[in-house]
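Descriptive analysis of the structure
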Amino acid sequence: MKDDDFGITRRGVLASGGASFAIASIPPARAEIAPASQPMPAAMKVALTVNGKKRELEVDTRTTLLDALREHLHLTGTKKGCDHGQCGACTVIVDGRRINSCLSLAVMHEGDEVTTIEGLGTPEKLHPMQAAFVKHDGYQCGYCTPGQICSAVAVLDEIRRGVPSHVTRDLNARPRATNDEMRERMSGNICRCGAYSNILEAMTEIAGRRG
Amino acid sequence: MRPFSYERVATPAEAASAAARTQGAKFIAGGTNLLDLMKLEIEAPTHLIDVNGIGLDRIEPTPEGGLRIGALVRNTDLAADKRVRKDYALLSRALLAGASGQLRNKATTAGNLLQRTRCPYFYDTNQPCNKRKPGSGCAAIGGYSRQLGVIGTSEACIATYPGDMAVALRALDATVETVKPDGSTRAIPIADFHRLPGDTPHIDTVLEPGELITAATLPAPVGGTHVYHKVRDRASYAFALVSVGAIVQRDGSGRVALGGIAPKPWRVEAAEAALPRGAKAVAEGLLAGAKPTGDNAFKLTLVERTLGAVLAQTRG
């Protein structure tokens, strides 16, 4: 029997569970430097391109790019891990560069081009990096994987563009996609299952293919 | 996160006057530190002024032979700039030792200078912290202080300035350029930019309300061998326990700035005369008057040893 025979999905359960938690939970610590005149929540329009499609949203100014993608556009491939820029699960590519979508406000992306894991490839037509992750078993639970793949794609692009890293020996020479270089550059993506070595195998295959 | 209104501005002057107009306003550029703190309600601006559209995203040569780095130049772009890599390698190295690729793609030059401490008691709103809530006390003193400051601290605060980039800027004698809401500008030597805590640790820098950083300026290149050595609990993506930024010339003279040990990038010019005599002599001058806690006294030894490693590296 499938879950949806009852009209219940894992997502639906999570969403309703989240709502009851929100009601029962204690409000967060009050801001200690909040001035007396805190404004009311403000909504704002923002237009951006996500995975090649123009999207217009009206969001609370507090909405992060991550929450806009997940909760407004229902692109739930991008994951919320720590929500503080420490784990990399929320990594997306904006105007060709990888960023933590949790540490960016949606309203700050007017006119930007955002690529999420859903825009890199599809189940029918995987991006080469996605296929390499499958081939090399570059995940276990899979939660960090969309962020890992977006980051991995951007890392190889950074190396190709000659962006140096902490482990680049000669700052004035072109960096190469070595094991050390890729490990250092992927340090903003945490995998608690510890799939790192297989992620590196996947990246190495793609880096080699592009020469 | 507390509610806030939001506006985009098109020029530095507009940004500064918008800040003067709205009480409780803050500038936002990369947002990587500010949004983190807003989620925790450690920062609660009532209004955000998005300065990403005001230009200031170029690195330009100065008439004096140096470089003027726009406030909005991203850390990735600054570290990768050919002129910086060649003539100010210390700056590239320091930037690349900090944060993650994702964060460096967003973080700006000005924002990096203004990042706030990572003292765990500043972050924990259940604890007293004079930096977060003036007059509430300091839970770090007598608390878990392994990562915290050993010099320049006060009875009110032992937090460190967490960044790497500013350590390099300190060794390079950079200048911070600003514009005030009344339109006047000033140039602040990096040595004077960050404050010591004294009894007002909630004020990190000498910037006045509404004053906007427009650039960081580097003097003409000084040559020498540039090394940035960061010692931390992980090989990547961690804040420094101790970092040493050094520029050493062929004759053994040079400059040294330290990170991870003080409320600001730590440099003692008088101590640099001892460079030809080795790490121990320099470390003594740099750390004179240090007041470590039981948890972080190891940093004094670590400074000397890291400096020793750096000097060995500069000798090839």
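Sequence order as written defines the numbering, with residues in each chain counted from 1. Lettering for chains starts from A, numbering for ligands starts from 1, and both go in the order in which the items are written. Reporting of local features is limited, given that this is a predicted model, to residues whose pLDDT is at least 70; pairs of side-chain atoms are given and counted only at 80 or more, and all residues count toward the totals for whole chains, interfaces and linings. Excluding hydrogens and water, the side-chain values take into account all heavy atoms of the structure.

Brief notes about the UniProt feature "domain: FAD-binding PCMH-type" (unreviewed entry) in chain B
We count it as follows: UniProt positions are given in the numbering used here, feature names are shortened, and annotations may be inferred rather than shown by experiment. Where helices and strands are cited, they refer to DSSP runs of H or I of at least four residues and of E of at least two residues respectively, numbered from the N terminus.
UniProt marks residues 1-223 of chain B with the feature "domain: FAD-binding PCMH-type" (unreviewed entry), using the numbering shown here. Secondary structure content for residues 1-223 of chain B is 28% helix and 16% strand, while the C-alpha to C-alpha distance between its ends is 47 Å.

A few points about the pairing of strand β2 (residues 25-28) of chain B
All names here are of chain B. The condition that has to hold: Each pair of strands is called paired provided DSSP finds at least two bridges between the two strands. Orient the strands so they point away from the viewer; a crossover is then right-handed if the path from the first strand over the helix to the second runs clockwise.
Of the strand pairs in this sheet, β2 and strand β3 (residues 47-50) are connected by four bridges, and their pairing is parallel. Residue pairing for β3: Lys-26 is matched across the bridge by Leu-48. For the crossover that starts at β2, traverses helix α2 (residues 34-39) and ends in the parallel β3, the hand is right-handed.

Considering the domain arrangement of chain A
All names here are of chain A. Our working definition: Domain start and stop points were drawn from an automatic or database domain assignment. When checking whether two residues touch, look at their non-hydrogen atoms; a contact exists if any pair is within 4.5 Å. Buried area counts how much accessible surface, traced with a 1.4 Å probe, disappears from two parts once they are put together, with both parts' losses summed. Salt-bridge detection follows one rule: a side-chain nitrogen of Lys or Arg within 4 Å of a carboxyl oxygen of Asp or Glu. Nitrogen and oxygen atoms within 3.5 Å of one another constitute a polar contact, given that in protein one can donate a hydrogen and the other can accept it, and given that sequence-neighbouring residues count only through two side-chain atoms. When residues are sorted by character, Ala, Val, Leu, Ile, Met, Phe, Trp, Tyr, Cys and Pro go into the nonpolar class, Asp, Glu, Lys and Arg into the charged class, and all the rest, Gly among them, into the polar class.
On domain assignment, one finds that chain A holds domain 1 (42-119) and domain 2 (121-211). Taking the mean C-alpha position of each, domain 1 and domain 2 sit 21 Å from one another. Between domain 1 and domain 2, the contact holds 17 residues from the first and 18 residues from the second. In total, domain 1 and domain 2 occlude about 1,400 Å² of area from one another, counting both sides; carbon and sulfur atoms represent 51% of this. The tally of links from domain 1 across to domain 2 stands at one salt bridge. Residue Arg-98 pairs with Glu-158 through a salt bridge whose shortest N-O separation is 2.9 Å. Where domain 1 packs against domain 2, one counts eight residue pairs in polar contact (both at pLDDT 80 or more). Here the residues of the side of domain 1 that touches domain 2 are counted per class, giving five nonpolar, eight polar and four charged.

A look at unusual backbone geometry
Operational definition: Relative accessibility decides the category of a residue: with a 1.4 Å probe and only protein chains considered, values under 20% of the type maximum give buried, values over 50% give exposed, and everything between is partly exposed.
For His-74 of chain A, which is not glycine, the phi torsion reads 60° and is therefore positive. Within the secondary structure, His-74 of chain A is located in the loop between α2 (65-72) and β3 (91-94). By relative accessible area, His-74 of chain A is classed as exposed at 56%. Positive phi, close to 60°, is recorded for Asp-173 of chain B, a residue that is not glycine. Mapped onto the elements of the fold, Asp-173 of chain B is located in the loop between α9 (165-171) and β6 (175-179).

Topic: the sheet that holds strand β4 (residues 59-61) of chain B
All names here are of chain B. Inclusion rule: To get an axis, fit a line to the C-alpha atoms, keeping to the stretch in contact for a helix; angles then go from 0 to 180 degrees between the N-to-C directions.
Across the sheet, which stays open at both edges, the five strands sit in the order β4-β5-β8-β6-β7 with antiparallel pairing between neighbours. For this open sheet the edge positions go to β4 and β7 (185-189), each flanked by a neighbour on one side alone. When strand polarity is set aside, the average angle formed by the axes of neighbouring strands in this sheet is 25°. Of the pairings in the sheet, the one linking β4 to strand β5 (residues 67-70) comprises three bridges and is antiparallel in character. When the bridges of β5 are listed, Glu-60 appears paired with Arg-68.

Observations regarding the domain arrangement of chain B
As far as domains go, chain B holds domain 1 (5-52) and domain 2 (225-314). Centre-to-centre separation of domain 1 of chain B and domain 2 of chain B, based on C-alpha positions: 35 Å.

Side note on helix α12 (residues 298-314) of chain B
All names here are of chain B. Let me state the cut-off plainly: Expected helix span is computed as 1.5 Å times (number of residues minus one). It is the directions from the helix axis to the C-beta atoms that the arc portrays.
For α12, built from 17 residues, the straight-helix expectation of 24 Å at 1.5 Å per residue is met to within 8% by its first-to-last C-alpha distance of 24 Å. Of the positions making up α12, those classed as buried are Lys-299, Leu-302, Val-303, Thr-306, Leu-307, Val-310, Leu-311 and Thr-314. Looking down the long axis of α12, one finds its buried residues gathered within 165° of arc, a one-sided arrangement. Buried residues belonging to α12 abut β9 (225-231), β10 (242-248), β11 (254-259) and α11 (279-286). Backbone geometry just after α12 places Gly-316 at a positive phi near 80°.

What to know about the confidence of the model for chain B
Low pLDDT marks stretches whose predicted atomic positions should not be read closely. Put simply, the test is: pLDDT expresses how confident the predictor is about each individual residue, on a scale running from 0 to 100.
Chain-level statistics for chain B give a pLDDT mean of 97 and a share of 100% at 70 or above. Our summary of model confidence lists the complex with pTM equal to 0.93 and ipTM equal to 0.97.

Describing α11 of chain B
Within α11 of chain B the residues assigned to the buried category are Ala-279, Ala-281, Val-282, Ala-283 and Leu-286 of chain B. Taken together, the buried residues of α11 of chain B touch β11 and α12 of chain B.

Remarks on the pairing of β10 of chain B
Residue and element names in this part refer to chain B. When you tally the buried positions in β10, you get seven out of seven residues, the bulk of the element. Where β10 lies against β11, six bridges are found, and the strand directions are antiparallel. The residue bridging Val-248 from the neighbouring strand is Gly-254, located in β11. Taking the residues that link successive antiparallel strands as the turn, the β10-β11 hairpin has five residues, and the phi of Gly-252 there is positive, at about 90°.

With respect to the interface of chain A and chain B
The partner chain B presents 50 residues to the 53 residues of chain A that form the contact. Overall, the association of chain A and chain B removes approximately 4,400 Å² of surface from exposure, summing both partners, and the carbon and sulfur fraction of that is 54%. Where chain A packs against chain B, one counts two salt bridges. For Lys-39 of chain B, the salt bridge goes to Asp-83 of chain A, with nearest N and O atoms at 2.9 Å.

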